[in-house]
Amino acid sequence: MKAALPPVEHVPVQTEGGHYTILIGGGVLAQPASWADLPRAAHAVIVSNTTVAPLYADAVAGQLAQRYTRVSRVVLPDGEAHKDWTTLNLIFDHLLAEGCDRKTVLFALGGGVVGDITGFAAATYMRGVPFVQLPTTLLAQVDSSVGGKTAVNHPLGKNMIGAFYQPQRVLCDLDTLATLPAREFSAGLAEVIKYGPIADQAFLGWLDTHLDALLARDAQALATAVRRCCEIKAEVVGQDEKEAGLRAILNFGHTFGHAIESGLGYGEWLHGEAVGCGMVLAAELSVRLGHIPAAYAEHLSHLIERAGLPVRAPALGVQRYLRLMRLDKKAEAGEIRFVVIAAPGRAAVQAAPDALVEAVLRTHGGA
Ligand code: NAD
Ligand code: GLY
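Before going into details, it helps to say that this report is about the structure given with it. Please read these numbers as outputs of a predicted model, since none were measured by experiment. (Residues numbered from 1 in each chain as written. Chains lettered and ligands numbered in written order. Predicted model: local features only at pLDDT ≥ 70, side-chain atom pairs only at ≥ 80, totals over all residues. Heavy atoms only, no water.)

Remarks on the overall build of the protein chain
Heads up, the condition is: Put simply, DSSP H or I for four residues or longer makes a helix, DSSP E for two residues or longer makes a strand, and each gets a number counted from the N terminus. A radius of gyration in this sense is built from C-alpha atoms; the matching globule rule multiplies 2.2 Å by the number of residues raised to 0.38. Classification of residues uses two cut-offs on accessible area relative to the type maximum, computed with a 1.4 Å probe and protein chains only: under 20% is buried, over 50% is exposed, and between them is partly exposed. Residues are treated as being in contact if the distance between any of their heavy atoms lies within 4.5 Å. Asp and Glu are treated as the negative residues and Lys and Arg as the positive ones, with His and the ends of the chain left uncounted. Note that the charge is assigned to NZ on lysines, CZ on arginines, CG on aspartates and CD on glutamates.
Along the protein chain, the regular secondary structure elements total twelve helices and eleven strands. Taken over C-alpha atoms, the radius of gyration comes to 20 Å for the protein chain, in line with the 21 Å a tight globule of 367 residues would show. Across its three principal directions, the C-alpha atoms of the protein chain cover 60 × 50 × 35 Å. Out of the 367 residues belonging to the protein chain, those deemed buried represent 58%. Considering only residue pairs separated by 6 or more positions, the protein chain has 75% of its internal contacts joining residues 24 or more positions apart. With 31 positive and 36 negative side-chain charges, the protein chain shows a separation of 4 Å between the mean positions of the two kinds.

Structure below.
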């Protein structure tokens, strides 16, 4: 007898830039229904990288071949260091060499790097072609594939060149997480944990009791976590697609985190590792601003550590941190603005005196 297909969760995303659905479950890429009613075109292009393409591109191409006359592939070099204009041009080279028209659909198969760069290519090729996110890392499934932020890095700043451009659909196949290295999985858990203190205290409690199941990649725990994260992200970007205000809360831990990433050199710490440590620092700042008790920040730090993430900041020096954080996209007129925990399960964005930031860095190893 044929085994029953695993249940697939559907999370709607409704932004001014587009309405679409996130499909979440085991075997999502293999189910014909996942691919139904996507934009019609003669040509579909899979954009992936040298690590992910050998694992999953054939299966995706098999599905696409049933719906598109021509299916081609662009295989990018792997890594954050390649999230740049040169790599972006490889996609444009392929699209132009293949004579792709403005109906061509791009399929971003990979983690956040492939998703962000493919999304930006889709936003700009012939002033915009449709694209679909096929995220294969935990981080991409719970965060980067949803909400339409697309970008490449500039040598002077991360994600500085980009566009808001929504995908047509997001297919989160939980089975792809089986091949994800443990360090990358932990990096994804940072973005999972993030949603608790900023938006859902009950989810933080759930994470406390289910972290071991998640680390063991238990299918049910993964489905619950990815669905809840996508629901929260959909709710936030539905209210504030272009980060006029509320959406900034999704950057909890990112102000310190981006300073760590660029201060150490991209790729030294993974994005999720820097965000995990950044959340420890931002929670400490929230304590020093009088918003939450110290025990709350300590508990969060312990959860982050249990997830396999670093909680001691690299010693870049206080002045270097401050300089790097003034480049953050939330900074206004040179004043750094932090996402802080205003109360358990609720975030706010505010400036903080340099002396407080310095004290935070001294307490957690950054000075
Ligand atoms: P990544 O894309 O570099 O993927 C991590 C590593 O895992 C890579 O080596 C990749 O090839 C490999 N990999 C991917 N899927 C795999 C699988 N199933 N099996 C085995 N290996 C696999 O990193 P990431 O953590 O997915 O994404 C980080 C990027 O996402 C950063 O550039 C960050 O700026 C961006 N980001 C964007 C948003 C957004 O809203 N657009 C949000 C968060 C992060
Ligand atoms: N990852 C932050 C955002 O999408 O806004």
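So, the pairing of strand β2 (residues 18-25)
Applied cut-off: For two strands to be treated as a pair, DSSP must find no fewer than two bridges joining them.
Of all eight residues in β2, six are buried, a share of seventy percent or more. Sheet topology note: the strand β1 (residues 9-15)/β2 ladder contains seven bridges and is antiparallel. Looking at the pairing, Val11 lines up with Ile22 of β2. Here β1 hands over to β2 after two residues, the two strands then running antiparallel side by side. As judged from the five bridges shared by β2 and strand β9 (residues 169-173), these two strands associate in the parallel manner.

Description of the state of the cysteines
Rules: The term disulfide is used for any two cysteine sulfur atoms that are within 2.5 Å.
Summed over the entire model, instances satisfying the criterion amount to zero disulfides. Here Cys230 is not disulfide-linked; the sulfur of Cys172 is the nearest cysteine sulfur, at 4.8 Å. Residue Cys230 is classed as buried on the basis of its relative accessible area, which comes to 0%.

Here we look at the site of ligand 2
How we decide: Whether a residue is near a molecule or strand depends on its heavy atoms: it is near if one of them lies within 4 Å of it. Polar contact is the term for a pair of N or O atoms within 3.5 Å; when the atoms are in protein, one must be able to donate a hydrogen and the other to accept it, and sequence-neighboring residues count only if both atoms are side-chain atoms. Accessible surface is estimated by sampling points in the Shrake-Rupley manner with a 1.4 Å probe; for residues, cover comes only from the protein chains shown. In this classification, Asp, Glu, Lys and Arg are treated as charged, Ala, Val, Leu, Ile, Met, Phe, Trp, Tyr, Cys and Pro as nonpolar, and every other residue, Gly included, as polar.
Surrounding ligand 2, one finds Asp143, Lys149, Lys233, Glu243, Arg247, Leu250 and Asn251. The side chain of Lys149 places a nitrogen or oxygen atom 2.9 Å from an oxygen atom of ligand 2. One of the side-chain nitrogen or oxygen atoms of Lys233 is found 2.5 Å away from an oxygen atom of ligand 2. A total of 200 Å² of accessible area belongs to ligand 2 in isolation, and the protein chains cover 90% of it. A per-class count over the shell around ligand 2 returns one nonpolar, one polar and five charged.

Comments concerning the pairing of β9
Every other side chain in a regular strand lies on the same face of the sheet, so the side chains alternate between the two faces. Within β9, five of the five residues are buried, leaving the element largely enclosed by the surrounding structure. Side chains Arg169, Leu171 and Asp173 of β9 all project onto a buried face; the interleaved residues Val170 and Cys172 project onto the opposite face, where all are buried too.

Notes on unusual backbone geometry
One non-glycine residue, Met126, lies in positive phi territory at about 50°. You can see Met126 is positioned in the loop between α3 (112-124) and β6 (131-135). The phi angle at Arg127 is positive, at roughly 65°, despite the residue not being glycine. Position of Arg127 relative to the elements: it lies in the loop between α3 and β6.

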